[in-house]
Amino acid sequence: MTHTDPAIRFRFGLTPLEMVGPWGREHPVLHWFGLTDGWYCIDIDGYEVLRYSERTVQELRNDSDGREPHPYVAYYVVRLWEDMIALVSEAMEPVPQDLVDIAADMSPDWTWLDTPEADAALTWHSAGYLYTGYLRIAPHVRCWRTVVDDEDTVTVAWEHQTDPEGAIEFVCPPTGRVSMPTSEFLAAATELDRALLAAMDQRISELEGSGPVPGAESDMEQLRREHRDRATWLQRARDHEPGTDWDVVRIGVRTLLAPGAAAQDWAD
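The structure presented is a predicted model; accordingly, all values stated were derived computationally and were not measured.

Draft legend 1. Region of the structure containing the overall build of the chain. Helix and strand counts for the chain come out as nine helices and eight strands. Taking the principal axes of the C-alpha coordinates as reference, the chain spans close to 70 × 45 × 40 Å. Counting over 268 residues, the chain shows a buried share of 44%. Considering only residue pairs separated by 6 or more positions, the chain has 71% of its internal contacts joining residues 24 or more positions apart. Working note: accessible area of the chain is about 14,100 Å², and carbon and sulfur atoms make up 50% of it. Of the charged side chains in the chain, 22 are positive and 48 negative, and the gap between their average positions amounts to 6 Å.

Draft legend 2. Seen up close, the packing of helix α2 (residues 77-90) against helix α5 (residues 182-210). Where α2 meets α5, the closest approach of the two axes is 10 Å, and the angle between their N-to-C directions is 145 degrees. Of the two possible hands of crossing, α2 and α5 adopt the one that is left-handed. Touching Val77, Val78, Leu80, Trp81, Met84, Leu87 and Val88 of α2 are Phe185, Leu186, Ala189, Leu192, Asp193 and Leu196, all from α5.

Draft legend 3. Spotlight on the environment of aspartate 119. With respect to the helices, strands and loops of the structure, aspartate 119 is situated in helix α4 (residues 116-126). You can call aspartate 119 partly exposed: its relative accessible area is 33%. Note: C-alpha distance between aspartate 119 and valine 253 (134 residues apart in sequence) is 9.5 Å.

Draft legend 4. Structural view of the environment of glutamate 241. Here glutamate 241 lies in the loop between α7 (233-239) and α8 (246-257). Relative accessible area serves as the criterion here: at 69%, glutamate 241 is assigned to the exposed category.

Draft legend 5. Structural view of the packing of α5 against helix α6 (residues 220-230). Two numbers describe how α5 lies on α6: the axes approach to 11 Å, and their chain directions differ by 170 degrees. Viewed along their axes, α5 and α6 adopt a mutual orientation that is roughly antiparallel. Across the interface between the two elements, Leu197, Met200, Asp201, Ile204, Ser205, Leu207 and Glu208 of α5 pack against Met220, Leu223, Arg224, His227 and Arg230 of α6. Residue classes in the contact of α5 with α6 are distributed as six nonpolar, two polar and four charged.

Draft legend 6. Representation of the pairing of strand β1 (residues 8-14) in the model. The buried count for β1 comes to five of seven residues, which makes it a mostly enclosed element. Note: β1 against strand β2 (residues 37-44), seven bridges, orientation antiparallel. Note that in β2 the partner of glycine 13 across the bridge is tryptophan 39.

Draft legend 7. Quick peek at the packing of aromatic side chains. Applying the stated criterion across every chain yields a total of twelve aromatic pairs. Taken together, the ring pairs connect Trp23, Phe33, Tyr75, Tyr76, Tyr131 and Tyr134 into an aromatic cluster. A cation sits over an aromatic face here: arginine 142 above tyrosine 129, 4.4 Å from the ring centre. Just above the ring of tryptophan 233 sits the side chain of arginine 230; from NZ or CZ to the centre is 4.6 Å.

Draft legend 8. Focus on the side chain of arginine 142. Note that arginine 142 resides in strand β6 (residues 140-148). No salt bridge is formed by the buried arginine 142, whose closest oppositely charged neighbour, aspartate 105, lies at an N-O distance of 7.5 Å. A polar contact is formed between the side chain of arginine 142 and the backbone oxygen of histidine 125, at a distance of 2.9 Å. The contact partners of arginine 142, leaving out residues within four places of it in the chain, are Ala103, Asp105, Met106, His125, Gly128, Tyr129, Thr155, Val156 and Ala157.

What counts and how
Residues numbered from 1 in each chain as written. Predicted model: local features only at pLDDT ≥ 70, side-chain atom pairs only at ≥ 80, totals over all residues. Heavy atoms only, no water. Helix = DSSP H or I, 4+ residues; strand = E, 2+ residues; numbered from the N terminus. Buried < 20%, exposed > 50% of the residue type's maximum accessible area, 1.4 Å probe, protein only. Contact = heavy atoms within 4.5 Å. Areas by Shrake-Rupley, 256 points an atom, 1.4 Å probe, with all protein chains shown as cover. Lys, Arg positive; Asp, Glu negative; His and termini not counted. Charge placed at Lys NZ, Arg CZ, Asp CG, Glu CD. Axes fitted to C-alpha atoms, helices over the stretch in contact; angles between N-to-C directions. Left-handed = near helix turned anticlockwise from the far one by under 90°. Parallel < 35°, antiparallel > 145°, perpendicular 65-115°, else oblique. Nonpolar A, V, L, I, M, F, W, Y, C, P; charged D, E, K, R; others polar. Pairing = 2+ DSSP bridges. Phe/Tyr/Trp six-rings, centres within 6.5 Å; stacked < 30°, edge-to-face > 60°. Lys NZ or Arg CZ within 6 Å of the ring centre and 35° of its normal. Salt bridge = Lys/Arg side-chain N within 4 Å of Asp/Glu carboxyl O. Polar contact = N/O pair within 3.5 Å; in protein donor to acceptor, adjacent residues only side chain to side chain.

By themselves, these are just geometric observations and shouldn't be taken as functional.
Take a look at the structure:
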């Protein structure tokens, strides 16, 4: 990666409009979510974290329904967009230094306990993941923010899972981590937001110009209303303050990692 490249970048492309199928059998509908059908990739520290290997692309080609498989994740781009906005909303609260190690742990060795403190700790830790559970053999991607003196930083880490069937593999290293100024992370989220909204505005305009798609319902007024609403999501996420009770989270973390020791702490 050259010094001019961003530490993180989100790229995507939309499927040509004429190839986007409606949702539903009895009443096929073209809606905002479905119209984001396409592909996307996350570049972290110069690595294409969601790029499949050539062998996997060939496997996908053999299993495809006639579409040419893409080297990147082929899915509704809005999922990446929504889940990035969730990170901006819930994971941009600076983590206290004594909790950074657990924030950076992809898979803590939790002991299951059902207490308010444990729930608070699990909710906080879960908020740092970029959700990818809808993908087959999805990588874990997680981020956390720290502020130390004048250093305001977001760290992004990834960890690929191993496909037990050996079909899905990615070209980037199986694990990685990169830190960047928080402003750079937020700029990447803002660029994804701007680019997807612009692409969808153009897509809706095309539908308005061409008229209804044969065999599918498309409520243009509803599409425009939803588009205007989604244009406010990122700013609302940036304005949101989770207000985490760190003392409660600390108790929950101790409880989940060493319940016996935590119980002793309370007894003392």
